[in-house]
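Descriptive structure summary
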Amino acid sequence: MSSSIPLAESSGRVRSTGPFLSFLVVLALLAVLRSEVLFSPPYYDYAVGIWAEADYLARSNFDYLRLCFAEPHCLDPDGGPRSYMTSVIPTLLAIVMMISPGPKFTIFTYHMFVLACGSATSVMLFLLLRRNSSRSGAIWGTVAAIATPVLCVQLDMTSMEIPLVAASVASALAFQREAYVIAAILGLLAFFIKPAGICLTLAGGGVLVLLATLDRSKSPRIWAGIAAHAWAFIIEVFVIDIGGSLAAQVRASINWSMLWVWCPDWVVLCMTVSVIGLGLLISLCVQSFKEQPSALAPGLIRRLVLADPFLLFIIVATVGFVVASTRVSLVPRYLAVTVPFLFVLANAILQKTGERWKVPLWISLTIFHCLNWNGTFYPDLTTATEQATGVP
């Protein structure tokens, strides 16, 4: 009897350290696979953006006032060091620059930081997919998601996309586990990496308000989550109000057809999830109409919210990220953050429509991504287009 206690403790210890060990293994694997880029300098779009701002902060001893009010924006006609006034990434990068023995060490450090965020994303996405899948299905789903070109190409970049993805998936995982206050904090972290993170706050707060209203819940956890999301939203709006007035007011025409040229696989994934999801929604509408013909809309909303608030959060956040990515211009790398969310939705749909096809589908998709690793099936891009979209 006494020997069972250490055994239980040992089992719990293994389970608690499992994600961390997985993180280390995936990080090592990514570092080996992408060793050729670990000392590659920043790509054009990032060199004139966050890296130029970080360099200015390091050289000026973090003179934010001068940067904010006396320096031009990087997108101004003559260029300038000011880039993202709401992001902590340039500041963190500037700190590394100041303590670094040289440029190569700074570049290597940030590359490893990006790969660490990619590794963390992989582990957390596996945990999310495991919710509606077998272990093998979750593993292959994670591999297929990370191998998606619009996402995996950012692992080679020294940008903010992968850190944003990691913070966003962490917020989603916390929301799925009903740790709503932590989800709000992680959503705020995502915002301070890149402003698009506000989509997580809006999605989480909105779903929790609906959940509390329709369920008439007295759960302190839900109300604490609502309060946390509300405070996060207030902070984000305040920061956007200040930072937005200092940003370059640039707008570009949106050519949606270019998405098919830049990332056709993302378009197919998004359209497939949308079409099948719409079919399931129509089926739910028919079922709600049969049960309550006179109250179709309220009954449908109640079903959607109470059946799976987490999936509703994922849907709202994904739509928000797509809309946010077109706020200034349509750049494929902005869509990288949607890839894990789309795979979570696809995983949930396959759970209802074709569980037995899940693993073969993820394996086939992974093989396709490997064959398309260098853009074999993509049309050639001009240099100007590459610089504008962050596609190497």
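Residues numbered from 1 in each chain as written. Predicted model: local features only at pLDDT ≥ 70, side-chain atom pairs only at ≥ 80, totals over all residues. Heavy atoms only, no water.

Things to note about the overall build of the protein chain
Just so we agree on the cut-off: Secondary structure elements are taken from DSSP: a helix is a run of H or I of four residues or more, a strand is a run of E of two residues or more, and numbering for both begins at the N terminus. To sort residues, take the accessible area from a 1.4 Å probe on protein chains only and compare it with the maximum for the residue type: under 20% means buried, over 50% means exposed, and anything in between is partly exposed. Residue contacts are counted whenever heavy atoms from the two residues lie within 4.5 Å of one another.
Along its length, the protein chain carries 19 helices and 0 strands. The buried share of the protein chain, reckoned over its 392 residues, is 46%. Counting only contacts in the protein chain whose residues sit at least 6 apart along the sequence, the fraction spanning at least 24 positions is 75%.

Regarding the nonpolar core
To be explicit about the condition: To form a nonpolar core, buried Ala, Val, Leu, Ile, Met, Phe, Trp, Tyr and Cys residues must be joined to one another through side-chain atoms within 4.5 Å.
Grouped together as the largest cluster of nonpolar side chains are 93 residues, with contacts concentrated most on Trp266, Phe310 and Phe313. With sequence-adjacent residues up to four places away left out, Trp266 is seen in contact with Val150, Leu259, Val322, Leu335, Thr338, Val339 and Leu342.

Focus: the packing of helix α10 (residues 180-193) against helix α11 (residues 198-215)
Going by this rule: Inter-axis angles, ranging from 0 to 180 degrees, are taken between N-to-C directions of lines fitted to C-alpha atoms, where helices are fitted over the stretch in contact. With respect to orientation, any angle under 35 degrees is reported as roughly parallel, any angle over 145 as roughly antiparallel, any angle of 65 to 115 as roughly perpendicular, and every other angle as oblique. Should the near helix be turned anticlockwise from the far one by less than a right angle, the crossing is termed left-handed; should it be turned clockwise, right-handed. In this classification, Asp, Glu, Lys and Arg are treated as charged, Ala, Val, Leu, Ile, Met, Phe, Trp, Tyr, Cys and Pro as nonpolar, and every other residue, Gly included, as polar.
The interhelical angle for the contact between α10 and α11, taken along N-to-C directions, is 155°, at an axis separation of 7 Å. Comparing the axis directions of α10 and α11 gives the class roughly antiparallel. Viewed along their axes, α10 and α11 form a crossing whose handedness is left-handed. Taking contact as the criterion, the partners of Tyr180, Gly187, Ala190 and Phe191 in α10 are, on α11, Ile198, Leu200, Thr201, Leu208 and Leu211. Split by residue class, the contact of α10 with α11 holds 7 nonpolar, 2 polar and no charged.

Brief notes about α11
Defined as follows: A helix's residues, less one, multiplied by 1.5 Å, set its expected span.
The terminal C-alpha atoms of α11, which comprises 18 residues, lie 26 Å apart, in line with the 26 Å expected from a rise of 1.5 Å per residue. When α11 is considered as a whole, its buried residues turn out to be Ile198, Cys199, Leu200, Thr201, Ala203, Gly204, Gly205, Val207, Leu208, Leu211, Ala212 and Leu214.

A short note on the pattern of salt bridges
In plain terms, the rule: Only one rule defines a salt bridge in this text: a Lys or Arg side-chain nitrogen within 4 Å of an Asp or Glu carboxyl oxygen.
All told, the structure shown has 8 salt bridges when counted by the stated rule. The residue Arg333 makes a salt bridge to Glu161 at a minimum N-O spacing of 2.9 Å. With Arg333 in the loop between α16 (309-325) and α17 (338-353) and Glu161 in helix α9 (residues 161-176), this residue pair connects regions lying 172 residues apart in the sequence. For the pair formed by Arg333 and Glu161, the shared burial category is buried. Salt-bridge contacts for Arg221 lead to Glu178; the nearest nitrogen and oxygen are separated by 3.4 Å. With Arg221 in helix α12 (residues 220-246) and Glu178 in the loop between α9 and α10, this pair connects stretches of sequence that are 43 residues apart. Taken together, the shared-partner salt bridges in this structure form one network comprising Asp45, Glu161, Lys194 and Arg333.

Observations regarding the side chain of Asn372
For Asn372, the location among the structural elements is in the loop between α18 (358-371) and α19 (383-389). Look at Asn372 and you get buried, because its relative accessible area is 1%.

Digging into the state of the cysteines
Joining two cysteines, a disulfide is a covalent bond between their sulfur atoms. Using the following cut-off: Any pair of cysteine sulfurs within 2.5 Å is marked as a disulfide.
Per the counting criterion, the structure on display carries 0 disulfides. We note that Cys370 lacks a disulfide partner, and the nearest cysteine sulfur, in Cys152, lies 8.9 Å from it. By relative accessible area, Cys370 is classed as partly exposed at 47%.

With respect to the packing of aromatic side chains
Threshold: For this analysis, a ring pair means two rings from Phe, Tyr or Trp (six-membered ring only for Trp) whose centres lie within 6.5 Å, classed as stacked if their planes differ by under 30 degrees, edge-to-face if by over 60, and tilted for the remaining angles.
Following the criterion strictly, the structure yields 11 aromatic pairs and no others. On the basis of an interplanar angle of 50° and a centroid distance of 5.5 Å, the ring pair of Tyr110 and Phe113 is categorised as tilted. Note that Tyr110 and Phe113 are positioned in helix α6 (residues 103-130) at a spacing of 3 residues, about one turn of the helix. Seen in terms of ring centroids, Phe175 and Phe313 are 4.4 Å apart; in terms of plane orientation they differ by 10°. Their pairing is stacked.

Topic: the environment of Ile99
Position of Ile99 relative to the elements: it lies in helix α5 (residues 89-99). Separated by 41 residues in sequence, Ile99 and Ala58 have C-alpha atoms that sit 9.8 Å apart.

What about the confidence of the model for the protein chain?
What counts here: On a scale of 0 to 100, pLDDT captures the predictor's confidence in every residue.
Chain-level pLDDT for the protein chain is 82 on average; 80% of the residues reach the 70-or-more range. Every residue in residues 7-14 scores below 50 in pLDDT, and together they form 0 contacts with partners more than four places removed in sequence or on other chains. Ignoring residues within four places in sequence, the model shows residues 387-392, a span with pLDDT below 50, making 20 contacts including any to other chains.

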